[in-house]
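Given next are the chains, with one letter for each unit.
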Amino acid sequence: MSKNWGNIFPTHICQLSGTYFYFVFFTFYFFFMQVLNDRQIRQKIRRLAIEIMEHNYVEPEIILAGINNKGMAFAHLLHAELSAISRQKIILTRIQLNPANPLASDVQLEMPIE
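Residues numbered from 1 in each chain as written. Predicted model: local features only at pLDDT ≥ 70, side-chain atom pairs only at ≥ 80, totals over all residues. Heavy atoms only, no water.

### Focus on the overall build of the chain
Alright, step 1. The helix and strand inventory of the chain stands at 2 helices and 5 strands.
Alright, step 2. Along the chain, from the amino end to the carboxyl end, the secondary structure elements read β-β-α-β-α-β-β.
Alright, step 3. Burial analysis of the chain (114 residues in total) assigns 32% to the buried set.
Alright, step 4. The contacts of the chain with a sequence gap of at least 6 include a subset with a gap of at least 24, amounting to 58%.
Alright, step 5. For the chain, the exposed area adds up to about 7,900 Å²; of that, 55% sits on carbon and sulfur atoms. (Helix = DSSP H or I, 4+ residues; strand = E, 2+ residues; numbered from the N terminus. Buried < 20%, exposed > 50% of the residue type's maximum accessible area, 1.4 Å probe, protein only. Contact = heavy atoms within 4.5 Å. Areas by Shrake-Rupley, 256 points an atom, 1.4 Å probe, with all protein chains shown as cover.)

### Details of the pairing of strand 4 (residues 89–96)
If a strand is regular, its side chains alternate between the two faces of the sheet.
Alright, step 1. With 7 bridges joining them, strand 3 (residues 61–67) and strand 4 adopt parallel strand pairing. By the bridge assignment, Ala-65 is partnered in strand 4 with Thr-93.
Alright, step 2. Following the backbone out of strand 3, through helix 2 (residues 68–85) and into the adjacent parallel strand 4, one traces a crossover that is right-handed.
Alright, step 3. When strand 4 meets strand 5 (residues 108–109), the two strands line up antiparallel, connected through 2 bridges. Directly across from Ile-95, in strand 5, lies its bridge partner Leu-109. (Pairing = 2+ DSSP bridges. Right-handed = clockwise from strand over helix to strand, strands pointing away.)

### With respect to the confidence of the model for the chain
Alright, step 1. Scored by pLDDT, the chain has a mean of 77; 68% of the residues are at 70 or more.
Alright, step 2. Contacts from residues 1–13, a stretch scored under 50 in pLDDT, to residues over four places away or in other chains number 31 contacts.
Alright, step 3. Scored below 50 in pLDDT, residues 25–30 makes 13 contacts in the model with residues more than four places away or belonging to other chains. (pLDDT = per-residue confidence, 0-100.)

### Remarks on the environment of Ile-90
Alright, step 1. Relative to the assigned elements, Ile-90 resides in strand 4.
Alright, step 2. Looking at Ile-90, the relative accessible area reads 13%, which means it is buried.
Alright, step 3. Residues Ile-90 and Ile-63, 27 residues apart in the sequence, show an inter-C-alpha distance of 5.9 Å.
Alright, step 4. Not counting the four nearest positions on each side in its chain, Ile-90 is found in contact with Ile-62, Leu-64, His-79, Leu-82 and Ser-83.

Structure (structure tokens):
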């Protein structure tokens, strides 16, 4: 079975008021799960940052939205990598929702929507 590493850190794009939001979701496949070492993880984060820059090089700013605590921790790593390779303004924010039942309560965004 071949490994499709592109599905490890898929991103989903949403546009609100002319601004693109990148939502990063982790997808783990139990049938080929492999533990990555620190160098491999940093390499994947760097590649994801490069892909984001390739698709958004003309945008004046990029907004990274980390979902809850673990998503925010990953967004911080991605923010650091994007800041190192780009001159664009990178905005970091958090989305809070109930992971057990996301539709049960309101989703909170820690930045004002313009």
